[in-house]
Amino acid sequence: HLSVSQLSVVVSTRTYADFTAQASFDIKKCDLHRLEEGPPQQALLTREEGLKYYRIMQTVRRMELKADQLYKQKIIRGFCHLYDGQEACAMGIEAGINPTDHLITAYRAHGYTFTRGVPVKEILAELTGRRGGVAKGKGGSMHMYAKNFYGGNGIVGAQVPLGAGVALACQYLGNNEICVTLYGDGAANQGQIFESFNMASLWKLPCIFICENNKYGMGTSVERASASTDYYKRGDFIPGLRVDGMDVLCVREATKFAADFCRAGKGPILMELQTYRYHGHSMSDPGVSYRTREEIQEVRSKSDPISMLKERMLSTSMASVEELKEIDVEVRKEIEDAAQFATTDPEPPLEELCNHIFHNDSPLEVRGTNPWSKLKSVS
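Computed from a predicted structure; not experimentally measured.

Quick notes on the rules
- Residues numbered from 1 in each chain as written.
- Predicted model: local features only at pLDDT ≥ 70, side-chain atom pairs only at ≥ 80, totals over all residues.
- Heavy atoms only, no water.
- Helix = DSSP H or I, 4+ residues; strand = E, 2+ residues; numbered from the N terminus.
- Rg over C-alpha atoms; globule rule 2.2 N^0.38 Å.
- Buried < 20%, exposed > 50% of the residue type's maximum accessible area, 1.4 Å probe, protein only.
- Contact = heavy atoms within 4.5 Å.
- Lys, Arg positive; Asp, Glu negative; His and termini not counted.
- Charge placed at Lys NZ, Arg CZ, Asp CG, Glu CD.
- Pairing = 2+ DSSP bridges.
- Right-handed = clockwise from strand over helix to strand, strands pointing away.
- Core = buried A, V, L, I, M, F, W, Y, C linked by side-chain atoms within 4.5 Å.
- Axes fitted to C-alpha atoms, helices over the stretch in contact; angles between N-to-C directions.
- Parallel < 35°, antiparallel > 145°, perpendicular 65-115°, else oblique.
- Left-handed = near helix turned anticlockwise from the far one by under 90°.
- Nonpolar A, V, L, I, M, F, W, Y, C, P; charged D, E, K, R; others polar.
- Disulfide = S-S within 2.5 Å.
- UniProt positions renumbered as here; feature names shortened; annotations may be inferred.

## A few points about the overall build of the protein
Per the secondary structure count, the protein includes twelve helices and twelve strands. Against the compact-globule benchmark of 21 Å for 379 residues, the protein has a radius of gyration of 22 Å, which places it among compact chains. Projected onto its principal axes, the C-alpha positions of the protein cover 75 × 60 × 45 Å. Put simply, the protein has 379 residues, and 51% of those count as buried. Taking contacts inside the protein between residues at least 6 apart in sequence as the whole, the part at least 24 apart equals 71%. Separation of charge centres in the protein, based on 44 positive and 47 negative side chains, amounts to 3 Å.

Pasting the structure below:
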């Protein structure tokens with residue numbers, strides 16, 4: 001008789017050869033604005049990609065649930081906007097662009113911080129305000145940054161002109177890079193967004209403007225906030241597409257299409273991702289006063305991005321249930337270890353309060369709230 005551990009080895013070696021290496025899936029047609037044709041209605045997924053997307057989306061989901069828990073224990077305080085439910089947007093966009101491309105988003109930024117390459121432990125430690133956090137514990141939930149990732153921005157809509165500026169830098173440097181500029185349905189009526197659209201269009205900037213439409217801006221449904229909820233058409237003179245934001249393959253194909261459009265020098269393009277958040281707007285919003293629990297439950301059961309990918313992979317024999325469970329166990333452990341770090345890492349000392357005011361200047365004295373408080377800024 002084989003022991004359990006020997007058995008699992010036998011099972012895994014046997015089944016790896018039997019897995020489908022790749023499969024093609026039908027995806028939902030995008031609605032188009034000022035475009036002759038859109039992204040393909042079929043997407044090819046390799047087994048490697050499938051497992052990678054699954055692991056990343058599952059990590060974001062678990063990380064957000066852990067943040068929820070730490071918040072309720074009062075270990076995380078202040079602003080905290082969770083991304084669970086919208087994982088296919090971050091994953092699909094990342095799969096459709098290059099790491100050298102640029103991305104800027106609003107304050108629901110934990111998912112993008114992770115897909116842009118920041119480890120979970122640095123994200124959670126930032127949420128708990130510790131030294132090991134990605135912004136040294138000084139940024140918190142809304143202000144995390146990485147290479148080619150410009151945050152996390154707390155002011156509604158303010159990241160859109162910044163994203164257009166990053167795209168202007170790409171054009172100026174002529175490096176064939178693009179900028180993905182994200183905003184929510186709640187920011188879609190901001191004047192600065194339309195000013196950015198206008199300049200981006202005039203100067204043909206390589207910018208993908210993306211409206212992550214999760215149906216509610218804080219507690220206000222899109223129908224009550226926007227005279228037109230066809231966000232993909234609201235660039236008017238800018239071509240647009242409306243995409244199923246719960247399907248990682250739809251998002252990936254649409255992003256590739258949009259990126260090619262921008263790199264071809266055709267100017268900006270607009271994408272609306274129809275998605276959904278499971279949590280409230282922020283941790284201070286229970287999320288059930290303006291929508292029913294049934295509505296949330298229905299989205300969870302019918303169009304959850306992780307379940308949908310899992311279903312596809314299992315139905316085409318690209319992976320086994322055991323294998324995906326194993327990934328879940330590894331992800332859980334990673335999150336637990338990260339949470340352990342985020343709760344035991346020390347807080348930054350007071351003398352570091354004013355550091356990095358300038359990028360590379362000699363140390364300078366900083367005036368405090370009274371004449372005798374002596375603070376220093378070291379770059």
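On we go from here.
## A closer look at the pairing of strand S10 (residues 269–274)
Most of S10 sits inside the fold, with five of its six residues counted as buried. Note: strand S6 (residues 207–213) against S10, six bridges, orientation parallel. Counted as the bridge partner of Ile208 is Ile269 from S10. Of the strand pairs in this sheet, strand S9 (residues 240–244) and S10 are connected by five bridges, and their pairing is parallel. Directly across from Val243, in S10, lies its bridge partner Leu273. Handedness of the crossover joining S9 and S10 through helix H9 (residues 248–263): right-handed.

## With respect to the pairing of strand S1 (residues 22–26)
Burial along S1 is one-sided: the face carrying Ala23 and Phe25 is buried and the face carrying Gln22, Ser24 and Asp26 is not. One ladder, built from five bridges, connects S1 with strand S3 (residues 42–46); its direction is antiparallel. Bridge pairing in S3 links Ala23 to Leu45.

## Here we look at the environment of Lys74
Among the structural elements, Lys74 can be located in the loop between helix H2 (47–72) and helix H3 (87–96). Spatially, the C-alpha atom of Lys74 lies 9.4 Å from that of Thr128, the residues being 54 residues apart in sequence.

## As for the nonpolar core
With 71 residues, the main nonpolar core has Ile93, Tyr112, Ile208, Val243 and Met271 as its most contacted residues. Among the elements that make up this core, the one with the highest residue count is H9 (ten residues). In this structure Tyr112 touches Tyr83, Cys89, Ala90, Ile93, Leu103, Thr105, Phe149, Leu182 and Glu212, once residues within four positions along its chain are discounted. Tyr183, Phe197, Leu205 and Phe209 belong to the second-largest nonpolar core, a separate cluster that totals 20 residues.

## Overview of the packing of helix H5 (residues 120–127) against helix H12 (residues 321–344)
Put simply, H5 and H12 touch, their axes get as near as 8 Å, and they point 40 degrees apart. Classified by the interaxial angle, the pair formed by H5 and H12 is oblique. By crossing handedness, the relation of H5 to H12 is classed as right-handed. Judged by residue contacts, Val120, Lys121, Leu124 and Ala125 of H5 engage Glu334, Ile335, Ala338, Ala339, Phe341 and Ala342 from H12. Of the residues assigned to the contact of H5 with H12, the class counts are eight nonpolar, no polar and two charged.

## Regarding the sheet that holds strand S5 (residues 179–184)
Sheets are built from strands that pair by backbone hydrogen bonding, the pairs being arranged parallel or antiparallel. Read across the sheet, six strands follow the order S2-S9-S10-S6-S5-S4 without closing on themselves; strand pairing throughout is mixed. With one partner strand each, in any of the chains shown, strand S2 (31–33) and strand S4 (102–104) form the two edges of the open sheet. Within this sheet the neighbouring strands show an average axis-to-axis angle of 20 degrees, counted without direction. The sheet contact formed by S2 and S9 spans three bridges and is antiparallel. Considered in S9, the bridge of Asp31 is made with Arg242.

## A word on the state of the cysteines
The tally for this structure, following the rule as stated, stands at zero disulfides. In this model Cys179 remains outside any disulfide bridge; the closest cysteine sulfur is found in Cys207, 5.2 Å from its own.

## Some points on the UniProt feature "domain: Dehydrogenase E1 component" (unreviewed entry) in the protein
Summarizing the sequence annotation, UniProt attributes the feature "domain: Dehydrogenase E1 component" (unreviewed entry) to residues 57–350 in the numbering used throughout. With 45% helix and 11% strand, residues 57–350 has end C-alpha atoms that lie 36 Å from one another.

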